[in-house]
Amino acid sequence: MSDITENDVLKALGNVQDPMSGKDLVASNMVKDLQIDDSNVSFIIEFNNATYPNKDKIQEQAKAAVSELSGVANVTVNSRVNDPLKVVSSQSSKGQAGRPQQPGPQQRPQMPPQQQNLAPNAKYIVAIASGKGGVGKTTVAVNLAIALAQNGAKVGLMDADIYGPNVPMMMGVHDKLGTRNNKIAPLSRYGVEMVSIGFISQGDTAIIWRGPLVGRMVQQFLQDVDWGELDYLVIDLPPGTGDAQLTLTQAVPLTGAIVVSTPQDVALTDAKKGVNMFRKVEVPVLGIVENMSYFVCPHCNERTEIFNHGGGKKASKKFNVPFLGEIPLDITVRVGGDEGKPIVISDPDSPVSQAFKKIAESINQQVTKEKDEDSGVLKRVFKIS
Ligand SMILES: Nc1ncnc2c1ncn2[C@@H]1O[C@H](COP(=O)(O)OP(=O)(O)OP(=O)(O)O)[C@@H](O)[C@H]1O
Ligand SMILES: [Mg+2]
């Protein structure tokens, strides 16, 4: 009869780090179904996303940690992706050659999708993020996508905000997604092709998003949509810098990210979290946009700095990322958003539209500069230290 206890095993697994959360596997609640049968130990490691970085490495380390316990002969580690039906097995046996493999040095999270290349047809994939909700991400995403399309680029817009999809309203599209070439057909408006969970009816949602996971949704929006050849895929991320956003930034082979902020200190503190999130997964930050930067009175043209205008510029210097521009607080932006007619369409010559166009140009310059001509691989020039 073995003396190994559940506590021994959990203690050993407590020494294995989950690079995503920075906590150990036990504290991250990733160890499931631990079973001890004499000298045989088995357990499941549950990952919260199919493209979780270093899945194999973590499994190996967990196996090695438990194998080292005295009295343990066999360790079976299964993994699953938040889905009890999807179990992938990997068994280890402590044979005579049988020193268990030593855990290797902790690796930083990698970008698995870059290996998987889920979106082979998009030259550049740019995510729009914010540390805080309501700062104007979707407004920037739709106007930027249209501005890029107006420049002649073929542009896709993916609404990755599963719980608050605002792209349909802001683009004024209320149709449902259909199919084309046996794939999901994106809807088109203002020269931009787009997908959103808001384009799926309630009934379909139940079928397609059974047990929805944000990462999975994004994978589906990359792989199962008939995007055709795209120059740009613009992704409107859900607000914040939590696990869902982090997972998402790893589910997509991003070329770069734009962080939108308003000028208040509290928003800028959150913007820093956004920059740090991308830093963690080695996605270049293409820059910060300061939205609702200042207010110009439509009656007297007087400019009022409602919230400490200029904070975005200072913050981008401090975070060592480019400053992409400031968008004034302008009622026509809000009205255009509500009415499904973004300002670059309704008033293309306005200062706000010009600001969006400048941002589009700056993005275009940055990503095309980053393109490695030899290998066709995007260089991560704006890597932040
Ligand atoms: N520069 C601006 N001037 C006036 N109103 C604006 C401006 N930018 C955004 N808005 C308005 O502010 C509201 C929030 O903007 P938006 O939905 O783009 O933010 P968000 O960051 O995407 O929000 P969420 O976090 O909920 O996804 C909208 O009503 C939008 O029309
Ligand atoms: Mg939004």
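Residues numbered from 1 in each chain as written. Chains lettered and ligands numbered in written order. Predicted model: local features only at pLDDT ≥ 70, side-chain atom pairs only at ≥ 80, totals over all residues.

From N to C terminus, the chain includes 13 helices and 15 strands. In the chain, which comprises 385 residues, the proportion classed as buried is 45%. For the chain, contacts bridging at least 24 residues in sequence account for 75% of all contacts bridging at least 6. (Helix = DSSP H or I, 4+ residues; strand = E, 2+ residues; numbered from the N terminus. Buried ≥ 20, exposed ≤ 12 C-beta atoms within 10 Å, placed from the backbone. Contact = placed C-beta atoms within 7 Å.)

What follows covers the site of ligand 1. Taken together, 20 residues form the shell around ligand 1, and within it Gly133, Thr138, Thr139, Pro239 and Gly337 come nearest. Broken down by secondary-structure element, the contributors of at least two residues to the shell around ligand 1 are helix 4 (137-150), strand 13 (285-296), strand 15 (323-329) and helix 11 (331-339). (Near = placed C-beta within 6 Å.)

Orientation of helix 9 (residues 265-280) relative to helix 10 (residues 311-319), taken along the N-to-C sense of each, is 35 degrees, at an axis distance of 11 Å. Crossing hand, helix 9 versus helix 10: right-handed. Packed against helix 9, whose contacting residues are Asp265, Leu268, Ala271, Lys272 and Val275, the element helix 10 presents Gly311, Ala315 and Phe319 at the interface. Classifying every residue of the contact of helix 9 with helix 10 by side-chain character gives five nonpolar, one polar and two charged. (Axes fitted to C-alpha atoms, helices over the stretch in contact; angles between N-to-C directions. Left-handed = near helix turned anticlockwise from the far one by under 90°. Nonpolar A, V, L, I, M, F, W, Y, C, P; charged D, E, K, R; others polar.)

Let us look at the pairing of strand 3 (residues 74-81). Side chains Val75, Val77, Ser79 and Val81 project from strand 3 onto a buried face, and the interleaved Asn74, Thr76, Asn78 and Arg80 project onto a face without burial. Two elements, strand 2 (residues 40-47) and strand 3, share eight bridges in a ladder whose sense is parallel. Within strand 3, the position partnered with phenylalanine 43 by the bridge is valine 77. (Pairing = 2+ DSSP bridges.)

This part is about the packing of helix 1 (residues 6-13) against helix 2 (residues 55-67). In contact at an axis separation of 8 Å, helix 1 and helix 2 are set at 135 degrees when each is read in the N-to-C sense. Between helix 1 and helix 2, the angle falls in the class oblique. Helix 1 and helix 2 meet at a crossing whose hand is right-handed. When helix 1 is examined against helix 2, the residues Val9, Ala12 and Leu13 are found in contact with a partner set consisting of Ala62, Ala65 and Val66. (Parallel < 35°, antiparallel > 145°, perpendicular 65-115°, else oblique.)

Let us now look at helix 4. End to end, helix 4 covers 20 Å across 14 residues, agreeing with the expected 20 Å (1.5 Å per residue, within 8%). Counting buried positions along helix 4 yields 13 of 14 residues, so the element is predominantly enclosed. (Expected span 1.5 Å × (residues − 1).)

On to the nonpolar core, then. Judged by nonpolar contacts, the single largest core of 80 residues is most densely connected at Ala145, Val234 and Ala257. In terms of residues, this core owes the most to one element, helix 4, which gives nine residues. In terms of nonpolar packing, the next biggest core, distinct from the first, is built from 22 residues, Ile44, Ala62, Val66 and Val75 among them. (Core = buried A, V, L, I, M, F, W, Y, C linked by C-beta atoms within 7 Å.)

This paragraph deals with the pairing of strand 5 (residues 122-129). Counting buried positions along strand 5 yields seven of eight residues, so the element is predominantly enclosed. Taken together, the six bridges between strand 5 and strand 11 (residues 230-236) define a ladder with parallel strand orientation. Note that in strand 11 the partner of isoleucine 128 across the bridge is aspartate 236. Across four bridges, strand 5 lies against strand 12 (residues 256-261) in parallel orientation. Opposite isoleucine 128, over in strand 12, you have isoleucine 258 as the bridge partner.

Turning our attention to unusual backbone geometry. You will see that asparagine 181, though not glycine, has its phi angle at about 50 degrees, which is positive. With respect to the helices, strands and loops of the structure, asparagine 181 is situated in the loop between strand 7 (178-180) and strand 8 (183-185). The exposed category is assigned to asparagine 181, around which 8 C-beta atoms lie within 10 Å. Even without being glycine, asparagine 320 reaches a positive phi, approximately 65 degrees.

All right, on to helix 11 then. Burial in helix 11 covers these residues: Val333, Gly336 and Gly337. Buried residues of helix 11 fall within an arc of 100 degrees about the axis and therefore sit on the same side. What points out from helix 11, more than 90 degrees from its buried face, is the exposed set Ile331, Val335, Asp338 and Glu339. (Arc of directions from axis to C-beta.)

With that settled, consider the environment of valine 195. Considering the arrangement of structural elements, one finds valine 195 in strand 10 (residues 192-195). Using a count of 26 C-beta atoms within 10 Å as the deciding quantity, one classes valine 195 as buried. In the structure, valine 195 is positioned 36 residues away from aspartate 159 in sequence and 6.2 Å away in space, judged by C-alpha atoms. Filtering out sequence-adjacent residues up to four positions away, valine 195 remains in contact with Met158, Asp159, Leu177, Ile184, Pro186, Phe221 and Val225.

Right, let's talk about the confidence of the model for the chain for a bit. Per-chain confidence: the chain averages 80 in pLDDT, with 79% of residues scoring 70 or above. Here residues 83-115 is modelled with pLDDT under 50, and outside its nearest four sequence neighbours on either side it reaches 61 contacts, counting other chains as well. Within the model, the stretch residues 203-212 combines pLDDT values under 50 with six contacts to residues more than four positions away or in other chains. (pLDDT = per-residue confidence, 0-100.)

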